[in-house]
Amino acid sequence: MSTNVKAFGTEAADADLQPMNIDRRDVTPQDVEIEILYCGVCHSDLHTARNDWGGSKYPSVPGHEIVGRVTKVGSEVTKFKAGDLAAVGCMVDSCKTCDNCKQDLEQFCLNGFTGTYNGKDRHSGGHTFGGYSEKVVVDQHFVLKVPENLDLAAVAPILCAGITTWSPLRHWKVKEGSKVAVIGLGGLGHMALKLAHALGAEVTLFSRSAGKTEEAKSLGADNVIISTDAGQMNSVRGKFDLIIDTVPYVHDLNPYIQTLHTSGTLVLVGFLGNLEPMLNTAPLILGRKSIAGSLIGGIAETQELLDFCGQHNIVSEIELIKMQDINQAYERMLKSDVRYRFVIDMQSLKN
Ligand code: NAP
Ligand code: ZN
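So, here is what we can say about the structure in this document. (Residues numbered from 1 in each chain as written. Chains lettered and ligands numbered in written order. Predicted model: local features only at pLDDT ≥ 70, side-chain atom pairs only at ≥ 80, totals over all residues. Heavy atoms only, no water.)

1. Focus: the site of ligand 1
At step 1: Lining the immediate environment of ligand 1, one finds 28 residues, of which His43, Ser207, Ser209, Lys212 and Arg341 sit closest.
At step 2: At 3.0 Å from an oxygen atom of ligand 1 is found a side-chain nitrogen or oxygen belonging to Arg208.
At step 3: One of the side-chain nitrogen or oxygen atoms of Lys212 is found 2.6 Å away from an oxygen atom of ligand 1.
At step 4: Burial of ligand 1 by the protein chains amounts to 90% of its free accessible area of 920 Å².
At step 5: The set of elements that each furnish at least two residues to the shell around ligand 1 consists of helix 1 (43–49) and helix 5 (187–198). (Near = heavy atom within 4 Å. Polar contact = N/O pair within 3.5 Å; in protein donor to acceptor, adjacent residues only side chain to side chain. Areas by Shrake-Rupley, 256 points an atom, 1.4 Å probe, with all protein chains shown as cover. Helix = DSSP H or I, 4+ residues; strand = E, 2+ residues; numbered from the N terminus.)

What follows is the structure, encoded as structure tokens:
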């Protein structure tokens with residue numbers, strides 16, 4: 001049993017997104033049905049719609065920064081009731097029984113987590129459809145509570161851009177006085193600045209774009225380094241405990257490794273694939289430096305972040321768009337022309 005709802009998606013990697021209809025299952029005992037109010041636009045949406053990573057399934061309906069209101073709950077749901085605010089991030093399911101799931105690391109589910117879009121749907125057997133739609137039906141374990149005091153549209157990006165940068169900040173134990181750098185000031189990067197600053201770190205932004213300096217400072221950066229300027233890069237040699245690298249495309253890591261302190265870590269969250277040019281291991285060995293990766297965050301950690309944002313009044317800087325503007329928004333994202341996250345007002349899908 002299912003309900004047909006309006007959505008926006010694409011039929012092929014080289015086609016624009018357009019209106020379409022998709023089915024949402026009727027609530028099972030553990031499910032929450034949510035009317036979607038806002039959905040953030042992540043660079044991963046674009047990678048998936050255009051099959052940049054291979055493996056995209058069509059039709060593809062992206063969107064994994066979802067904020068909405070509960071319209072219906074299943075008979076065994078205890079966490080939510082109709083009328084509550086609710087949010088969904090990058091995952092809608094996992095096996096819930098493996099060692100990682102039991103440790104609140106559902107993103108590393110040993111049997112594969114179910115992505116909010118382009119995932120293998122554990123209910124229907126088909127693939128999942130994301131938040132560029134009127135409604136979504138999700139297992140209560142994967143539904144988050146939203147602080148009542150925050151602007152709802154600006155909360156949406158916390159569900160992916162926020163948690164993807166929060167998780168490494170927490171894993172590498174960033175605290176008062178830690179020296180943190182962020183590479184790339186986009187959706188993920190601007191949340192990283194805000195969150196690292198709120199944890200008391202001294203924060204530096206590496207950017208290619210000189211025009212972002214003043215805004216970066218207002219977002220929480222103490223210092224901005226233009227990454228193409230060798231003199232500026234030299235001025236921060238050996239400085240950082242942690243670097244969060246959000247750049248989506250292949251880029252040279254060697255100049256950044258020099259800016260790590262002894263035992264420091266550069267954590268990649270953006271680019272998936274083979275590094276070019278080659279990486280020189282000498283600075284890693286001589287300074288016990290690490291290169292690591294990190295994927296979103298677990299459900300408990302995402303709730304921790306939402307609560308932290310509620311307490312510290314942290315939301316994303318957004319540009320609210322209509323669903324019909326999504327293709328232009330993707331083109332602007334490719335030019336780094338977004339300050340700093342597009343969020344879709346899902347009311348526009350009803351018109
Ligand atoms: P975004 O808003 O487009 O921001 C990316 C920023 O990187 C840009 O604003 C730009 O900053 C910089 N940049 C872009 N192209 C570059 C290039 N060729 N060389 C150097 N710098 C470049 O993207 P986003 O939504 O933050 O996502 C960033 C990446 O993270 C995407 O690949 C996305 O798929 C991935 N992601 C990963 C996870 C995870 O769990 N690991 C979760 C969500 C997203 P400047 O102008 O400041 O240089
Ligand atoms: Zn995302």
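2. Some details on the coordination of the zinc ion (ligand 2)
At step 1: Within the protein, the zinc ion (ligand 2) binds to Cys42 (SG), His64 (NE2) and Cys160 (SG); these donor distances fall in the range 1.9 to 2.2 Å.
At step 2: Coordination of the zinc ion (ligand 2) draws on donor residues from a single chain, spaced C-x21-H-x95-C in sequence. Separated by 118 residues along the polypeptide, Cys42 in the loop between strand 3 (31–41) and helix 1 and Cys160 in the loop between helix 3 (152–155) and helix 4 (161–171) bring together distant segments of the chain. Taken individually, Cys42 and Cys160 each receive the classification buried, so the pair is uniform in this respect. (Donors = N, O, S within 2.8 Å, 3.2 Å for Na, K, Ca; no water. Buried < 20%, exposed > 50% of the residue type's maximum accessible area, 1.4 Å probe, protein only.)

3. Side note on the environment of Ile243
At step 1: Inspection of the secondary structure assignment puts Ile243 in strand 12 (residues 240–245).
At step 2: In this structure the C-alpha to C-alpha distance between Ile243 and Ala86, which are 157 residues apart in sequence, comes to 32 Å.
At step 3: Every residue in contact with Ile243, bar those within four places of it in the chain, is listed here: Ala181, Ile183, Phe206, Tyr256, Thr259, Leu260, Thr265, Leu266 and Val267. (Contact = heavy atoms within 4.5 Å.)

4. Section: the side chain of Asn100
At step 1: Assignment of secondary structure puts Asn100 in helix 2 (residues 99–102).
At step 2: When its relative accessible area of 18% is taken as the criterion, Asn100 is described as buried.
At step 3: Excluding residues within four positions of it along the chain, Asn100 makes contact with Leu105, Glu106, Phe108, Cys109 and Leu110.

5. Some points on the packing of helix 4 against helix 5
When two helices pack together, their arrangement is given by the angle between the helix axes and by the axis-to-axis distance.
At step 1: Where helix 4 contacts helix 5, the axes come no closer than 8 Å and their chain directions differ by 50°. Here helix 5 runs oblique to helix 4, going by the angle between their axes. Between helix 4 and helix 5 lies a crossing of right-handed hand. In contact with Ala161, Gly162, Thr164, Thr165, Trp166 and Leu169 of helix 4, helix 5 contributes Gly187, Leu188, Met191, Ala192, Leu195 and Ala196.
At step 2: Each residue belonging to the contact of helix 4 with helix 5 can be placed in one class, and the counts come to eight nonpolar, four polar and no charged. (Axes fitted to C-alpha atoms, helices over the stretch in contact; angles between N-to-C directions. Parallel < 35°, antiparallel > 145°, perpendicular 65-115°, else oblique. Left-handed = near helix turned anticlockwise from the far one by under 90°. Nonpolar A, V, L, I, M, F, W, Y, C, P; charged D, E, K, R; others polar.)

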